[in-house]
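Inside the fold
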Amino acid sequence: MKTYTLDQVQDKLIGKIGTPHRDRFEYEFQMDLIGKAIKQTRQERHLTQEELGKLIGVQKAQISRLESNASNATIDTLMRVFKALKAKVKLQVELPNLKVRVGQ
């Protein structure tokens, strides 16, 4: 029986790193993780979606959409959400020959 590494399986199922299909998958995965982090943190703070929405000035429906997938959210909205949740945010951008970190 032949064994495969995790990297080999990922390359086969979702495409090699740097391909459009893999890039889209990685993006959607990150947005899903952000949404889950918002929901988990909100619940840990014992807030309803409506209460969190009122804290940042949006409707409950927008909080619901953020929690299910944050891909359509602006950075401003995400920062307001995490600030209202009293969560520490670190943003790291890596470009060739340049590394930038921004923290809150």
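Let us look at the structure shown here. (Residues numbered from 1 in each chain as written. Predicted model: local features only at pLDDT ≥ 70, side-chain atom pairs only at ≥ 80, totals over all residues. Heavy atoms only, no water.)

Moving on, we get to the pattern of salt bridges. As enumerated under the stated definition, the model contains eight salt bridges in all. Of the charged contacts, one joins Asp32 and Lys36 as a salt bridge, the two residues approaching to 3.5 Å between their closest N and O atoms. Of this pair, Asp32 and Lys36 are both found in helix H2 (residues 20-44), four residues apart, which corresponds to roughly one turn of the helix. Since its relative accessible area comes to 49%, Lys36 is described here as partly exposed. (Salt bridge = Lys/Arg side-chain N within 4 Å of Asp/Glu carboxyl O. Helix = DSSP H or I, 4+ residues; strand = E, 2+ residues; numbered from the N terminus. Buried < 20%, exposed > 50% of the residue type's maximum accessible area, 1.4 Å probe, protein only.)

Turning next to helix H5 (residues 75-84). Looking only at H5, the buried set comprises Thr77, Leu78, Val81, Phe82 and Ala84. Here the buried residues of H5 occupy an arc of 160 degrees about the axis, which is enough to place them on one side. Seen from the open side of H5, the exposed residues pointing more than 90 degrees away from its buried face are Ile75 and Lys83. Packing partners of the buried residues in H5 comprise H2, helix H3 (49-56) and helix H4 (60-68). (Arc of directions from axis to C-beta. Contact = heavy atoms within 4.5 Å.)

Another aspect to go through is the packing of H2 against H4. Packing of H2 against H4 leaves a shortest axis separation of 6 Å and a crossing angle of 125 degrees. Relative to H4, the element H2 is oriented oblique. Residues Asp32, Gly35, Lys36, Ile38, Lys39 and Arg42 of H2 form the contact with H4, whose own contacting residues are Ile63, Leu66, Glu67 and Ser68. Of the residues that constitute the contact of H2 with H4, the class distribution is three nonpolar, two polar and five charged. (Axes fitted to C-alpha atoms, helices over the stretch in contact; angles between N-to-C directions. Parallel < 35°, antiparallel > 145°, perpendicular 65-115°, else oblique. Nonpolar A, V, L, I, M, F, W, Y, C, P; charged D, E, K, R; others polar.)

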